[in-house]
Amino acid sequence: GAVVSQHPSRVICKSGTSVKIECRSLDFQATTMFWYRQFPKQSLMLMATSNEGSKATYEQGVEKDKFLINHASLTLSTLTVTSAHPEDSSFYICSARAPRTTNYGYTFGSGTRLTVV
Amino acid sequence: GIQVEQSPPDLILQEGANSTLRCNFSDSVNNLQWFHQNPWGQLINLFYIPSGTKQNGRLSATTVATERYSLLYISSSQTTDSGVYFCAVEGSGGSNYKLTFGKGTLLTVNP
């Protein structure tokens, strides 16, 4: 239980284009989802908290106009990297907190490796 | 915000050896989890352990919340145990629930 699916797993795009990444909770409802970014050989850094039906909360230093987050339903959050540049190349991972009754804590998608050329 | 420190940053073992990874955190927590990140980047949830002790096969974990640390034990290590181990915590202060990660321990198990 408490599975989060993330798609696509890998994407290569041209500089200046936009890329959308989807994160779905498959067997539970998630009013809140989280988006992380991980550079090579580094830890995960929280970018933003996605709230169903309201605006996302961005961490300090994260450009909200660059990383658009939409959480239109209780099972889907999307991250759109707009006007991507090579420095946006990274590993993006989404997460949701499983229902507290499950004792699973936070569960993570399999990640999206973005390469901007 | 809450600080999470993991040690050691790197660890090299021979297959069959045992190891202990440590996670210190700076404040009280609602949640603490240990993850293994495989070579493809997938985060595998090893333990949800805000307090107490749990065991799962060759792995076990102990969190002493009052002293603000957690330990992950790996016994009879195998080459497939290689990868990065992360400790992540959710602080109990405030209403903004989120996970904060440590920098990880890179474990290499040699045959």
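Residues numbered from 1 in each chain as written. Chains lettered and ligands numbered in written order. Predicted model: local features only at pLDDT ≥ 70, side-chain atom pairs only at ≥ 80, totals over all residues. Heavy atoms only, no water.

(A) Representation of the environment of glutamine 38 of chain A within the structure. Within the secondary structure layout, glutamine 38 of chain A lies in strand S4 (residues 32–38). Looking at glutamine 38 of chain A, the relative accessible area reads 9%, which means it is buried. Not counting the four nearest positions on each side in its chain, glutamine 38 of chain A is found in contact with Ser43, Leu44, Ser90, Phe91 and Ile93 of chain A together with Gln37 and Phe86 of chain B. Side chain to side chain, glutamine 38 of chain A and glutamine 37 of chain B meet in a polar contact 2.8 Å long. (Helix = DSSP H or I, 4+ residues; strand = E, 2+ residues; numbered from the N terminus. Buried < 20%, exposed > 50% of the residue type's maximum accessible area, 1.4 Å probe, protein only. Contact = heavy atoms within 4.5 Å. Polar contact = N/O pair within 3.5 Å; in protein donor to acceptor, adjacent residues only side chain to side chain.)

(B) Fine view of the sheet that holds strand S1 (residues 4–7) of chain A. Residues and elements named next belong to chain A. Spatially, the 4 strands line up as an open sheet ordered S1-S3-S8-S7, and their pairing is antiparallel. With partners counted over all chains shown, the strands left at the sheet margins are S1 and strand S7 (67–73), one partner each. Geometrically, the sheet is characterised by an average inter-axis angle of 15 degrees between neighbouring strands, direction not taken into account. Where S1 meets strand S3 (residues 19–25), 4 bridges bridge the pair, whose relative direction is antiparallel. Looking at S3, one finds that glutamine 6 is bridged to cysteine 23. (Pairing = 2+ DSSP bridges. Axes fitted to C-alpha atoms, helices over the stretch in contact; angles between N-to-C directions.)

(C) Main features of the interface of chain A and chain B. The interface is formed by 20 residues belonging to chain A together with 18 residues belonging to chain B. Summing both sides of the interface, chain A and chain B together bury roughly 1,500 Å²; the carbon and sulfur share of this comes to 49%. Among the residues of chain A in contact with chain B, Ser43, Tyr106 and Phe108 of chain A are the three that bury the most area, contributing 32% of the side total. Where chain A meets chain B, there are 2 salt bridges. As a salt-bridge pair, lysine 98 of chain B and glutamate 59 of chain A come within 3.0 Å of each other at their nearest N and O atoms. (Buried area = accessible area lost by both parts, 1.4 Å probe. Salt bridge = Lys/Arg side-chain N within 4 Å of Asp/Glu carboxyl O.)

(D) Representation of the state of the cysteines. A complete count under the given rule lists 2 disulfides over all chains for this structure. A sulfur-sulfur separation of 2.0 Å characterises the disulfide bridge that pairs cysteine 23 of chain A with cysteine 94 of chain A. Judged by the sign of its S-S torsion, about 85 degrees, the cystine formed by cysteine 23 of chain A and cysteine 94 of chain A is right-handed. Note that cysteine 23 of chain A is positioned in strand S3 and cysteine 94 of chain A in strand S9 (residues 90–97), a separation of 71 residues in sequence. Note that cysteine 23 of chain B is cross-linked by a disulfide to cysteine 87 of chain B, the S-S spacing being 2.0 Å. On the sign convention where negative means left-handed, the S-S torsion of about -60 degrees between cysteine 23 of chain B and cysteine 87 of chain B marks this disulfide as left-handed. In this pair, cysteine 23 of chain B sits in strand S3 (residues 19–25) while cysteine 87 of chain B sits in strand S9 (residues 83–91), placing the two residues 64 residues apart along the sequence. For the pair cysteine 23 of chain B and cysteine 87 of chain B, one class covers both residues: buried. (Disulfide = S-S within 2.5 Å.)

(E) A look at the packing of aromatic side chains. Under the definition given, this model contains 8 aromatic pairs over all chains. Note on tyrosine 36 of chain A and phenylalanine 101 of chain B: the rings are 5.5 Å apart at their centroids and 80 degrees apart in plane angle, and the pair reads as edge-to-face. Of this pair, tyrosine 36 of chain A sits in strand S4 while phenylalanine 101 of chain B sits in strand S10 (residues 100–101), which puts the two residues in different chains. Exposure class is identical for tyrosine 36 of chain A and phenylalanine 101 of chain B. Each is buried. (Phe/Tyr/Trp six-rings, centres within 6.5 Å; stacked < 30°, edge-to-face > 60°.)

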